[in-house]
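Inside the fold
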Amino acid sequence: ACFCSTSRAFIHQPLPWSLKIHSARLFASSSTVDSQNGIDIASKKEKKGMTTLHFKGEKLFQTDPLPLESMDVLQSFFEREKDEIRSILLSGSSGKNTVVALSGKEGVKEKEAWSKQCRVVGGNLPSFENGDVVYRVNADGMNMGGLQIKNEMLIGATTIIGNNGDDINTSSINTNSNSPEYQFVFISDKRIAEGPRLLVWVFNKLMGAGKKDDGEDTEQAITSLTRFYANTISKDEVIFTLESSLDIAVKFPSFMLKILPVSKEKAEEEGSASVMKTLVKDTEPVLAKLSQFYLNSTS
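It should be emphasised that the depicted structure is a prediction, and the values quoted were computed from it without experimental measurement.

Counting its secondary structure elements, the chain contains 9 helices and 8 strands. Here the chain displays about 14,300 Å² of accessible surface, and carbon together with sulfur accounts for 50% of that area.

Encoded structure:
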């Protein structure tokens, strides 16, 4: 969820000098690069003459203790305010992302790609019968040489509720959760250039739009899982927990490693540090908004 702004912010972060090589190709993927291609990149063995860099970030965020009137009130908050909670999580730290739920037919078309991503990141498989939804998220665009570049993502939102209305997150780290859990899984993204027709054509050519995987082009794969739930720490206190993980895998010709003045391991270390920096920057404000929303809704 917070990945929406994190991946975009990562593009604009000052990159370690070792990662500036072909940064436009590595971090500004064309509209033809999507999660299905990404899964193929992540799962297939390296093709001869190709290599992959992984930039990863994974962190558990928690709020300060919040007042808990009763478990019924907490359960009611998670169930009654589901749409608003999802919107806050997907709107990013700036709150400016446009979030639109896909219609039933549109969402069902994404079920296979969504399920594949869930298997990769360990998320629960989607169930439209239980109210799971695919969201189209349009993040803030950027101006580039007379073009407006927009970033559009598809995010799958799953709600997990136990048989008795209580959800226990046994796979979470140090949790004693008594609330439903919201999961958000990145499905796919594309970048759309708008502006003069000639400039759009040049942008698409430079970004490789329309090219197939021939083993020579740089490709980018993204996997991300965000989990949001509540932990009761006493009979009258609760904390909100958000687990975020993001992996950006970039495949490119191996000969480019010779251009880098650092080792592959060092490049991944520095790139992952940038991912973590933006993950923290974008997630903490969202968690603060959720805390305030909870206080306003239950007071």
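Right, let's get into helix H4 (residues 71-80). When we look at burial in H4, the residues that qualify are Leu74, Gln75, Phe77 and Phe78. Along the long axis of H4, the arc covered by the buried residues comes to 160°, so they all point the same way.

As a packed pair, H4 and helix H9 (residues 264-298) sit with axes 11 Å apart at the nearest point and diverge in direction by 115°. Viewed along their axes, H4 and H9 adopt a mutual orientation that is roughly perpendicular. In this structure, the crossing between H4 and H9 has a hand that is right-handed. For the pair H4 and H9, the contacting residues are Val73, Leu74, Phe77 and Arg80 in the first and Phe293, Tyr294, Ser297 and Thr298 in the second. In terms of residue class, the contact of H4 with H9 is built from 5 nonpolar, 2 polar and 1 charged.

Moving on to the packing of helix H5 (residues 82-90) against H9. Running from N to C, H5 and H9 point in directions that differ by 155°, and their axes come no closer than 9 Å. Here H9 runs roughly antiparallel to H5, going by the angle between their axes. In this structure, H5 crosses over H9, and the sense of that crossing is right-handed. Between H5 and H9, the residues in contact are Glu84, Ile85, Ile88 and Leu89 and Val286, Lys289, Leu290 and Phe293, respectively.

Glancing now at the side chain of Thr51. Residue position: Thr51 is located in strand S1 (residues 50-62). Assessed through its relative accessible area of 7%, Thr51 is described here as buried. At 3.4 Å, the side chain of Thr51 forms a polar contact with the side chain of Lys264.

Glancing now at the pattern of salt bridges. Per the stated rule, a full pass over the model turns up 8 salt bridges. A salt bridge links Arg136 to Glu106; the shortest N-O distance between them is 3.7 Å. A residue pair is termed long-range when its members are at least 10 positions apart, and Arg136 in strand S4 (residues 133-144) and Glu106 in helix H6 (residues 104-109) qualify at 30 residues. Under the relative-accessibility criterion, Arg136 is labelled partly exposed at 25%. Residue classification places Glu106 among the partly exposed residues on the basis of a relative accessible area of 35%. Residue Arg136 pairs with Glu152 through a salt bridge whose shortest N-O separation is 3.6 Å. Taken together, the residues Arg136 in strand S4 and Glu152 in strand S5 (residues 147-160) connect sequence positions 16 residues apart. For Glu152, a relative accessible area of 15% corresponds to the buried category. Taken together, the shared-partner salt bridges in this structure form one network comprising Glu106, Arg136, Glu152 and Lys190.

A cluster of nonpolar side chains, namely Leu198, Trp201 and Val202, defines an oily patch on the protein surface of about 330 Å² accessible area. Following the sequence through the fold, Val202 ends up in helix H8 (residues 197-207).

A few words now on the side chain of Ser91. Along the chain, Ser91 turns up in the loop between H5 and strand S3 (98-101). Overall, the relative accessible area of 11% leaves Ser91 in the buried class. Of the polar contacts made by the side chain of Ser91, one reaches the backbone oxygen of Ser87; its length is 2.6 Å. Not counting chain neighbours up to four residues away, the residues in contact with Ser91 comprise Lys96, Asn97 and Val99.

A word on the packing of aromatic side chains. One pass over the structure, following the stated rule, counts 11 aromatic pairs. For the ring pair Phe77 and Phe78, a centre distance of 5.7 Å and an interplane angle of 85° mean the geometry is edge-to-face. Take Phe77: its relative accessible area is 1%, and that puts it in the buried class. Relative accessible area serves as the criterion here: at 1%, Phe78 is assigned to the buried category. Taken together, a centroid distance of 5.7 Å and an interplanar angle of 50° make the contact between Phe77 and Phe293 tilted.

Once that is clear, we can look at the environment of Leu60. When you line up the elements, Leu60 lands in strand S1. Overall, Leu60 belongs to the partly exposed group, its relative accessible area being 29%.

Rules and cut-offs
- Residues numbered from 1 in each chain as written.
- Predicted model: local features only at pLDDT ≥ 70, side-chain atom pairs only at ≥ 80, totals over all residues.
- Heavy atoms only, no water.
- Helix = DSSP H or I, 4+ residues; strand = E, 2+ residues; numbered from the N terminus.
- Areas by Shrake-Rupley, 256 points an atom, 1.4 Å probe, with all protein chains shown as cover.
- Buried < 20%, exposed > 50% of the residue type's maximum accessible area, 1.4 Å probe, protein only.
- Arc of directions from axis to C-beta.
- Axes fitted to C-alpha atoms, helices over the stretch in contact; angles between N-to-C directions.
- Parallel < 35°, antiparallel > 145°, perpendicular 65-115°, else oblique.
- Left-handed = near helix turned anticlockwise from the far one by under 90°.
- Contact = heavy atoms within 4.5 Å.
- Nonpolar A, V, L, I, M, F, W, Y, C, P; charged D, E, K, R; others polar.
- Polar contact = N/O pair within 3.5 Å; in protein donor to acceptor, adjacent residues only side chain to side chain.
- Salt bridge = Lys/Arg side-chain N within 4 Å of Asp/Glu carboxyl O.
- Patch = residues over 30% accessible without salt bridge, like charges linked within 9 Å, V, L, I, M, F, W, Y side chains within 5 Å.
- Phe/Tyr/Trp six-rings, centres within 6.5 Å; stacked < 30°, edge-to-face > 60°.

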